[in-house]
Structure formats: structure tokens, C-alpha cells
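Here's the letter readout for the chains.
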Amino acid sequence: MQIFVLMGVSGVGKTTLGVVLASRLDLPFFEGDDFHTKENIQKMKSGQPLNDEDRKEWLKRIAKRIGESSQRNGGVFTCSALKEKYRKFIQDRVQVNIEWIYLYDSFETIHERMKARKDHFFKPEMLRSQFDILEPPKYGIQVKVSASPEQTLKDLMAKIDKPEMGIIGLGVMGKSLALNMATNGIRVSVYNREVPGEEEGIARNFHEEYSSRFELPWFNDLKEFVEHLPRPRNILLMVKAGKAVDSVISELLPLLEADDLLLDAGNSHFIDTERRIRELGDKKIHYLGIGISGGEEGARNGPSIMPGGSMEAYQRVEIILNLIAARDKDGRPCCSYIGPEGSGHFVKMLHNGIEYGEMQLIAEFYHFMRFYLKLSLAEISTIFKKWNAELNSYLLGISADILQKEENGSLLLDSILDVAGQKGTGGWSTQAALDLGISLDTITAAVMARNLSGNKERRVKAEKEYEFRNEIKVTDSIKGCLFGAFKAAQVINHSIGFDLLFKASVEYNWKLNLSEIARIWTNGCIIRSGFMESLVEILKENPASHILMSSEIITEIKSHKDLLSEVVAMAIKRNCPMPVSSAAINYLNVFASAQSSANIIQAQRDYFGAHGYERTDSERGEYYHTQWKNTD
Ligand code: NDP
């Protein structure tokens, strides 16, 4: 349901505009001032400004009413909500994403207008105090008030008229996104294919399950679905990445018209996306490749969204994407235009690459503690929780929960097979790094670790043959190394991932804003963490520098890198595999060594293949060849 809150200083015109907006949208109107306590009204009448304590009850009452309206048919509210914390206070108490409408004008203009008002308890002199505390939002709809309310309404409506969306594919993600859109007041129609005997009645069942709350027109006939959507159409594909996307597109093509827009929100390969953009562009059909992260829960309540393609196409659906996205700590949507071509899907791919690295890292520390330090799952869970009080990592948090999960009185994890597969995004990240000629050590190690885990039978046999023993005496000093070691490896894994984004941005001329990408990854997505929050600032200050070269990170890594070396050395000595952790320390050791081993590589190549080598005592790019063998 749509909830609009018109905010801004007193006298800016919230009530006038709110009443007409509500009537235009056929929504009930709620005047924010009506929620003030008697004491507050008295205070304002006597010319005293309200303090934060006075406002608390008022904001609570408004949030309660918004919550109720969001369960019914939505509403238009007014509330000055001058400070960010007031807006956050309200937003945190309601389930639906509020559409904030910030009305603004200069102090002088509003002051003049207020002087003309007679029947209002607010004294014009108090306007200055409102401007003093005003923190304009960086999100929402911003409207400068015009001389006539009609013009202001026109400007506002141009910004809030939401396009409709059709969704194809009602699997895990499609259903959740459809519900998220419907909850946020977007008109959404749904389609799922019928496969007799296998996939029957999916769209109808979905509609029936939610018809008491949402309209959700449903279709199992593609032609009827397409004809039902208003032109130009916006159709979100939420089908399995790969062949299914091409097959759906070819079914759709004869039904589409110029200017229709397809949004592929699955995990498609960015090269496929670029091909589809080109092919559909020839037919004047827009195509956006959209990365979405957050799993089922994120898709339902607010994912992180990474749209790539043409700006024109993006702007058509920007309002929808912003409404359904998660919010960052300042209340801004975790959605931002990534760049042209397949950049949205590339960034999503790399998001998953970092995710692979972080998951494997957590798995390695769990494995080391469980099978080598012989700690119980409960003890490890407690340790992870303690770490997470500082790190605030979504993946570490869920891992702590997993370690405690019981099934029929026993811990479930001990009954889960130790075999992990990999498909798609992790391996594609490695391929992309190879294509761009840069290192992706931790992410690649994570992908390979999953591959190697696959042959359980051989691992069981090999352990017997090699007679591995895995006892380490648990000492407090070993335990004391673990947290710092984990932190260092986590930082290195992220640094490696962002380096690939930087390289791709330059190589493909995408002009990626890495700080903004970190920002939209601070909530809604699987790799959200406290560290991601700090990356927003680090990358803002040094957008073109490797994260490991930022002074803050150098200090952090210097204080933890020996702990990481210690843990990895100890683990390897006891036959405990730590591929991502050791890849992290090895990466750092190469990254920060002025003298590498590559001089002998150059010499070897020149020896056997006459490839030439560069010299330390001449210009870069000048090649020399030596006759290495003594011919006499
Ligand atoms: P599901 O397997 O739950 O759903 C897949 C959907 O695709 C179903 O509606 C299915 O229809 C449809 N489909 C499959 N093949 C075809 C075809 N040939 N023609 C038409 N429709 C087809 O997948 P998810 O919802 O989990 O994932 C969808 C996409 O989102 C994937 O690309 C995935 O990688 C990506 N993704 C998934 C996330 C997750 O956490 N699950 C997170 C982020 C992205 P039917 O029911 O008839 O088989």
C-alpha cells in the first residue's frame, strides 16, 4: 500500500498539497499536527519550540497510524519530520517503505507566506528555529514549492506517477518481488508458464493466496498477459538465468512493441546481457540487466538492487526500484544506477564473488575450531556472535545461528553433507579476472574449494592413505589470534573484489562509482556488514586507489596480518585446509613486496622462448634478449 509523507518546515504548504494529493490518488489524508499532544500544542501556541522529548510521543502516534494505514488502503500524511532521526524513528516502526515527499522553499518566501496566516497556532518567528534544525533528506521526492498549488501538484505528480510492472516467473524470487511491489503500492501483474504434469496453476495459486490483500492480476497465457499491460510495457523477467531467459525473450518478442522495456533481474552473465541489449535494441525494445541480492527475504522486504543498461530505460522504472529496495542507514534506497551495458550484472556477479570468499572464510574458521581446536558448535557459535558484535556481518550472523540449529535433539549441521557445488557467478568472477588480467585469489580459492569438496568418496579414502592427524592443543593464545586473523582476511577478500570492479570500470569505460556500490551493499544484500559501511567512506575519499592502500586499512592490516599468518601456518602444519585464508595472506605478501619473484619468470621465458625481458636499469617497455646457453 502506498504511504506518502509530505515533510518540510511549517508554512511550506504540506497540508494544502497533501489534501489535493490524497484526493487525486484516492487515498485518505492525515494531518500530522492532529497527532500532537495537548501539551505540545500549548507549547507551540505560547511560541516555544518543541524539543526532541516533546516530539517523541507525536512521532510514535504518527508511526502507529501509518502502520495501520499500510495494512488497509494506504494514505497521505503530513509531518514536518525535520531531522533524519525523526524520519528514521517513523520508518523503523512500520513495515512498508514510506515515500517521503520533501517540500522546500527559501526562508524568506515561506516567512512572507506565514505572516499572512492567521488561524494557525504556529508563530512565524519559530520558522527560524525550524530552518536551524532542518536536515533535508537525500532521498525521496524533492519538490520546490511553486506560487500556485496546482503547479506544485503537477510537478509532484510527474515524479510519483508510478509505472506498472508485469512479472514473468513466480519462483522464489519472482513471488517475493511481486509481493514487495504490491506492498509498496505498485500495480503488478504476474505470469508463470504452465508445464502440464509439472508446473500447473502457479500464477493462479499465487493470486488466490494473496487476493485478500492485493489485486495481482494473474495470467498463464503470455499473449493475454502482454496485452493486459499498459503501453509502453515494463516486464520483469525472474526466470532461471541462461537458456530460459533467451527462450522467454523469443516467446515475448512477437508480442512486444517499440519502447517496451524488459528487465532481467536474474543472475545472468553480463556478456549475455550485453548481447540481449544489442539484439533487442535493434528492435527498439529497451533492456536492463538488474542484479538483485538479498535472497527470498530480501526480495520480499527490501533487496539491494544493481541496475545496468541505458539511463533512459533505468529512469522509467527508477521509482519502482527505489520503492522496493532496502534502505541504508540514512534512509536512502539501496539501489543506484550502476552504469551502461552489462555493468549491473557484472557488479552482481562480483557481489557474489565476494560472497563466495566470505562464506568460505567463515567455513574455514568454523572447520579449524571444530575439528582441530575441538571446540563444540555451541562454543563456536558464541565466538562468532562475539565477533559479530563488532563486525556486524550478515553472513557471520547467520552462521552463528546455523551452528546452534537443532533437529530432533541433535545439532543439524553435523548431519549436513560436507559437499558444496558452485555454478555461475563465483566461477564467472574468476573468468572475468583472467580476462582483465588481474588477481582474484581469495574468490578463486573459494570457488576451487567448493569444487574440491565435491569428491567426498576420494577424500575419505585419501585421508586414510595419508594418515592425517588433526589435534592441536587449544591454548588461549591460539584462540586469541583468530579474530584478528579473520578480520584481516575479510578485508583482503573485499579489497580483491573491489579491485576487479575498478579494473572492469576502466577497461569497459563504465565509470562505476565504487563508493556508491559499497553504499547499496550496506543493507538488503548478503554481504552487508560493518566493514561495508566503512568502505563507503574509504572509497569516496580514494575512488581510484586499491583499498589496501588506504591509510586506515594499512593500519588495520598491519595490526592483524601476523595473526592471519600465525593461524594459517598453524593450520597448514596440522593438515587443516585454509584455502581462502592462505590465499589472503599470500595475496598481501605479494601485494606488499617491492621485490617479487617475477624476474626469474621473465628470465625463464626468455631462456626457452626468446620472449625478451625488461631490465631494472632501463625504461619500462624496452625488451632485451640474452643468449643464455654457453655456445662454446
Ligand atoms: P526458481 O527456481 O525458484 O524459479 C525459477 C523461475 O523460472 C520459475 O518461475 C520457473 O517457472 C521459471 N522458468 C524456469 N525455466 C523456464 C523456462 N524455460 N521458461 C519459462 N520460465 C522458466 O528460481 P529463483 O526465483 O530462486 O531465481 C530466479 C533467478 O534469480 C535466477 O537467475 C537466480 O540465479 C536469481 N537469483 C536468485 C536468488 C535466490 O536467493 N534464490 C537471489 C538473487 C538472484 P516454473 O515454476 O514453471 O518452472
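Residues numbered from 1 in each chain as written. Predicted model: local features only at pLDDT ≥ 70, side-chain atom pairs only at ≥ 80, totals over all residues. Heavy atoms only, no water.

Student: Whenever I open this one, the side chain of serine 399 confuses me. Can you help?
Tutor: Along the chain, the position of serine 399 falls in helix α17 (residues 394–404). Engagement of the side chain of serine 399 in a polar contact is seen with the backbone oxygen of leucine 395, the distance being 2.6 Å. Ignoring any residue separated from it by four or fewer positions in sequence, one finds serine 399 in contact with Ile362 and Phe384. (Helix = DSSP H or I, 4+ residues; strand = E, 2+ residues; numbered from the N terminus. Polar contact = N/O pair within 3.5 Å; in protein donor to acceptor, adjacent residues only side chain to side chain. Contact = heavy atoms within 4.5 Å.)

Student: Explanation requested: the sheet that holds strand β6 (residues 165–168) in the structure shown.
Tutor: Backbone hydrogen bonds hold the strands of a sheet together, and the pairing may be parallel or antiparallel. Ordered in space as β8-β7-β6-β9-β10-β11-β12, the seven strands form an open sheet in which the pairing is mixed. Each having just a single partner strand, β8 (218–219) and β12 (304–308) make up the two edges of the open sheet. The sheet contact formed by β6 and strand β9 (residues 234–237) spans three bridges and is parallel. Paired with isoleucine 168 across the two strands is leucine 237, which belongs to β9. Along the sheet, helix α8 (residues 172–183) contacts β6, β7 (188–191), β9 and β11 (286–293); its crossing angle with β6, the most-contacted strand, is approximately 165°. Relative to β11, helix α14 (residues 311–324) is tilted by about 30°, and along the sheet it contacts β6, β9, β10 (261–264), β11 and β12. (Pairing = 2+ DSSP bridges. Axes fitted to C-alpha atoms, helices over the stretch in contact; angles between N-to-C directions.)

Student: Where do I start with the nonpolar core in this structure?
Tutor: Inside soluble globular proteins, nonpolar side chains tend to come together where they are buried. If you look at the biggest cluster of nonpolar residues, it comprises 88 residues, and the most contacted ones within it are Phe368, Trp387, Phe498 and Trp521. The biggest single contributor to this core is helix α21 (residues 476–508), with 15 residues. Other than its neighbours up to four places away in sequence, tryptophan 521 contacts Ser304, Met306, Val347, His351, Ile354, Phe498, Leu501, Ile527, Arg528 and Met532. With 84 residues, the next largest nonpolar core counts Val76, Ala182, Phe214 and Val317 among its residues. (Core = buried A, V, L, I, M, F, W, Y, C linked by side-chain atoms within 4.5 Å. Buried < 20%, exposed > 50% of the residue type's maximum accessible area, 1.4 Å probe, protein only.)

Student: I would appreciate a short explanation of the environment of alanine 203 in the present structure.
Tutor: Secondary-structure assignment places alanine 203 in helix α9 (residues 202–210). Linking alanine 203 and lysine 240, residues 37 residues apart in sequence, is a C-alpha distance of 17 Å. In this structure, alanine 203 is in contact with Leu170, Asn192, Trp218 and Phe219, ignoring residues within four places of it in sequence.

Student: Hey, could you run me through helix α3 (residues 52–71) in this one?
Tutor: For the α-helix, the turn length of 3.6 residues means that residues three or four positions removed from each other point alike. Taking 1.5 Å as the rise per residue, α3 with 20 residues should run 28 Å; its terminal C-alpha atoms sit 28 Å apart, in good agreement. Where α3 is concerned, the buried positions are Asp54, Arg55, Trp58, Leu59, Ile62, Ala63, Arg65, Ile66, Ser69 and Ser70. Residues of α3 that are buried make contact with β1 (3–7), β2 (29–30), α2 (38–45), β3 (75–78), α4 (84–92) and α6 (127–133). A side-chain oxygen of the first residue of α3 lies 3.1 Å from the backbone nitrogen of glutamate 53; this N-cap is asparagine 51. (Expected span 1.5 Å × (residues − 1).)

Student: Just checking my understanding: could you explain the environment of leucine 361 for this structure?
Tutor: Structurally, leucine 361 can be placed in helix α15 (residues 343–372). Classification of leucine 361 as buried rests on a relative accessible area of 0%. The spacing of leucine 361 and isoleucine 168 is 193 residues in sequence and 36 Å in space, taken between C-alpha atoms.

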